[in-house]
Amino acid sequence: MKQAVQRPPRLAALVGLAVLLAASGCASPGPRAARWTPPPVGATWEFDQRSTGSYGRDALVQVSRGDGTWQGQSVVTLATSLGTNTQALPNGRWMAITGRDGQALMSWDPPLGFDYPLEVGKSWVTPYRMTIASGRTIAYDLTCKVESHGKVTVKAGTFDAFQVACTTTIGNEETYWANPDMGVFVKTRLRRLASSPLGAGTQESELAAVPAVRR
């Protein structure tokens, strides 16, 4: 009768680990966006917007990136062909949207934005105080979840994007397809319910031209 071969304990443990990994698969980390990267200074891009109700009318909107200051802080400015200008911190959070006269149409405390890093399955809840042009301040909670990551095809092409779904306690349902490396939303789908203090309406937008510094 043959004598059984005894494996050294350490070798047996390594063999067992290898078998376990082979059986279960070695899971690799999913897509992760550590931060928002703004488009370069001077870049312009376009969105095709389809709007109803409180969001206004359909429009092809051009956006231009600049730099500026807002309430004493350095900001990234995102000026649109509609006459609005978003005042964003370097991390991508919005401090305010201003009109042609430079006065705030909306402002947020704390600044409004995603909770980076973005990873599929991550969720968060943030309380905000939004002040609108009339001077009225509205308190609400924003709940968001990163639902998926994948390819999204729009007029400007096909891009990788995180799909982030958000709701508020004042009647907003919002879905964003964000490409933080490019610094823009590839696509958005927004809905204000009748309970929204801004009035009911819908808006869908898609990227029609990618950010580029045109000479």
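What comes next is a walk through the structure. (Residues numbered from 1 in each chain as written. Predicted model: local features only at pLDDT ≥ 70, side-chain atom pairs only at ≥ 80, totals over all residues. Heavy atoms only, no water.)

**So, the packing of aromatic side chains**
Part 1: All chains considered together, the criterion is met by six aromatic pairs.
Part 2: Ring-pair connections join several aromatic residues into one group, and the members of that group are F114, W124, Y176 and F185.
Part 3: The aromatic ring of W177 is capped on one face by K187, whose charged end is 4.8 Å from the ring centroid. (Phe/Tyr/Trp six-rings, centres within 6.5 Å; stacked < 30°, edge-to-face > 60°. Lys NZ or Arg CZ within 6 Å of the ring centre and 35° of its normal.)

**Section: the nonpolar core**
Part 1: In terms of nonpolar packing, the biggest core is built from 24 residues, with F114, M130, Y140 and V164 touching the most fellow members.
Part 2: Sorting the residues of this core by element identifies β7 (104-112), β9 (123-132), β10 (137-154), β11 (157-168) and β12 (172-179) as the ones contributing at least two each.
Part 3: Counting residues per element, this core draws most heavily on β10, at five residues.
Part 4: Non-local contacts of F114, meaning those with residues more than four positions away in its chain, are made with R93, W124, V164, C166, Y176, A178 and F185. (Core = buried A, V, L, I, M, F, W, Y, C linked by side-chain atoms within 4.5 Å. Buried < 20%, exposed > 50% of the residue type's maximum accessible area, 1.4 Å probe, protein only. Helix = DSSP H or I, 4+ residues; strand = E, 2+ residues; numbered from the N terminus. Contact = heavy atoms within 4.5 Å.)

**Considering the pairing of strand β6 (residues 94-98)**
Part 1: Counting buried positions along β6 gives four out of five residues, so the element sits mostly inside the fold.
Part 2: Between strand β5 (residues 85-88) and β6, which pair antiparallel in sequence order, lie five residues; one of them, G92, sits at a positive phi of approximately 95°.
Part 3: Of the pairings in the sheet, the one linking β6 to β7 comprises four bridges and is antiparallel in character. If you follow W94 over to β7, its bridge partner there is L112.
Part 4: Linkage of β6 to β7, two consecutive antiparallel strands, is achieved through a turn of five residues, within which G102 is found at a positive phi near 85°. (Pairing = 2+ DSSP bridges.)

**What about unusual backbone geometry?**
Part 1: Residues D109 and P110 are joined by a peptide bond in cis, for which omega reads -5°.
Part 2: For P110, the position within the fold is in strand β7.
Part 3: In the segment running from Y116 into P117, the intervening peptide bond is cis, with an omega of 0°.
Part 4: Looking at where P117 falls in the secondary structure, it is placed in the loop between β7 and β8 (118-119).
Part 5: Positive phi, normally seen in glycine, also occurs at Q71, with a value near 50°.
Part 6: By the element assignment, Q71 lies in the loop between β3 (59-70) and β4 (73-80).
Part 7: Owing to a relative accessible area of 65%, Q71 belongs among the exposed residues under this scheme.

**Quick word on the state of the cysteines**
Part 1: Taken as a whole and judged by the stated rule, the model has one disulfide.
Part 2: Disulfide partner of C144: C166, at an S-S distance of 2.2 Å. Residues C144 and C166 are joined by a disulfide whose S-S torsion is about 110°; by sign, that bridge is right-handed. Of this pair, C144 sits in strand β10 while C166 is found in strand β11, placing the two residues 22 residues apart along the sequence.
Part 3: Overall, the relative accessible area of 3% leaves C166 in the buried class. (Disulfide = S-S within 2.5 Å.)

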